[in-house]
Amino acid sequence: MTAARDPRPLIGEPLALDLLNTRWMHEGAVRDLLTGTDGLAVWLAANGLDERFTADAATLRHTLRAREALKTAVDGSLEQGAPLVDAVLDHGRIRAVLTAEGPDERPEFRDRAWGPAWLAARDYLRLLAAAPDRIRGCAHEACILHFFDTSRNGTRRWCSMAACGNRAKASRHYARSRG
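Here goes a summary of the coordinates provided.

Criteria and thresholds
Residues numbered from 1 in each chain as written. Predicted model: local features only at pLDDT ≥ 70, side-chain atom pairs only at ≥ 80, totals over all residues. Heavy atoms only, no water. Axes fitted to C-alpha atoms, helices over the stretch in contact; angles between N-to-C directions. Helix = DSSP H or I, 4+ residues; strand = E, 2+ residues; numbered from the N terminus. Parallel < 35°, antiparallel > 145°, perpendicular 65-115°, else oblique. Left-handed = near helix turned anticlockwise from the far one by under 90°. Contact = heavy atoms within 4.5 Å. Nonpolar A, V, L, I, M, F, W, Y, C, P; charged D, E, K, R; others polar. Salt bridge = Lys/Arg side-chain N within 4 Å of Asp/Glu carboxyl O. Buried < 20%, exposed > 50% of the residue type's maximum accessible area, 1.4 Å probe, protein only. Core = buried A, V, L, I, M, F, W, Y, C linked by side-chain atoms within 4.5 Å. Expected span 1.5 Å × (residues − 1).

At their nearest, the axes of helix α3 (residues 57-76) and helix α4 (residues 78-89) sit 7 Å apart, and the two run at 155° to each other. Between α3 and α4, the angle falls in the class roughly antiparallel. Where α3 crosses over α4, the two elements pack in a sense that is left-handed. Two secondary-structure elements touch here, α3 through Arg65, Ala66, Ala69, Leu70, Thr72, Ala73 and Gly76 and α4 through Leu78, Gln80, Gly81, Leu84, Val85, Ala87 and Val88. Grouping the amino acids of the contact of α3 with α4 by side-chain chemistry returns nine nonpolar, four polar and one charged.

Here's what the structure looks like:
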């Protein structure tokens, strides 16, 4: 079965942030890709996970739990989010292996339905280790999307310059021209 088109305005962020971005604002209302297994199938396909994991009710339940844990850690505080992320991470581990290509690491799960959730939580740890100050929420007051700032000087403010950045510039221009 082919997954439907991904309707989200921002895709391609690291897995942890892409999971957070399964909720977004559209015309003043929150949209949620993960309201059912069809949306989960879209998210799995968008992240190349559809060959390894099934979009079923258990995987959806665990993925939603990971999304809430990540939201608490990213939008709240690490102190509040850490135990929630750790609870997701308790369902898998990294196994060191030696392959014909050399050393490698492979994730292992007690229950495969935890796979996507665990991978997203693990990715968040990677982002924190790499550059915690570059994990950002969009600066537009009506946007709930997140991104990993890969700009050279680390000053990216918008999820998308074409969308939120342009709206902010337009409202500043309108305010100046009215005042």
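Additional details are given in the paragraphs that follow.
Quick look at the pattern of salt bridges now. Under the counting rule described, the total for this entry stands at 10 salt bridges. Across the pair Arg8 and Asp18 runs a salt bridge, and its minimum N-O distance is 3.1 Å. Remark: Asp18 occurs in helix α1 (residues 15-20) and Arg8 occurs in the segment before α1; sequence separation between them is 10 residues. Asp18 shares its class with Arg8; the two are buried. The shortest N-O distance in the salt bridge between Asp123 and Arg126 comes to 2.7 Å.

So, on to the nonpolar core. Formed by 42 residues in total, the largest nonpolar core has its most connected members in Trp43, Leu70 and Cys159. It is helix α5 (residues 115-130) that contributes the most residues to this core, seven residues altogether. Those residues in contact with Trp43 that sit more than four places away from it in its chain are Arg8, Leu15, Asp18, Leu19, Thr22, Leu33, Leu34, Leu49, Thr63 and Pro116.

Side chains three or four residues apart in an α-helix point the same way, a direct result of the helix having 3.6 residues per turn. Here α5 is 16 residues long and its end C-alpha atoms lie 22 Å apart, about the 22 Å a rise of 1.5 Å per residue gives. All buried positions along α5 are accounted for by Gly115, Pro116, Ala117, Trp118, Leu119, Ala120, Ala121, Asp123, Tyr124 and Leu127.

Mapped onto the secondary structure, Met25 falls in strand β1 (residues 23-26). Between the C-alpha atom of Met25 and that of Ala142, which follows or precedes it by 117 residues, the distance is 7.2 Å.

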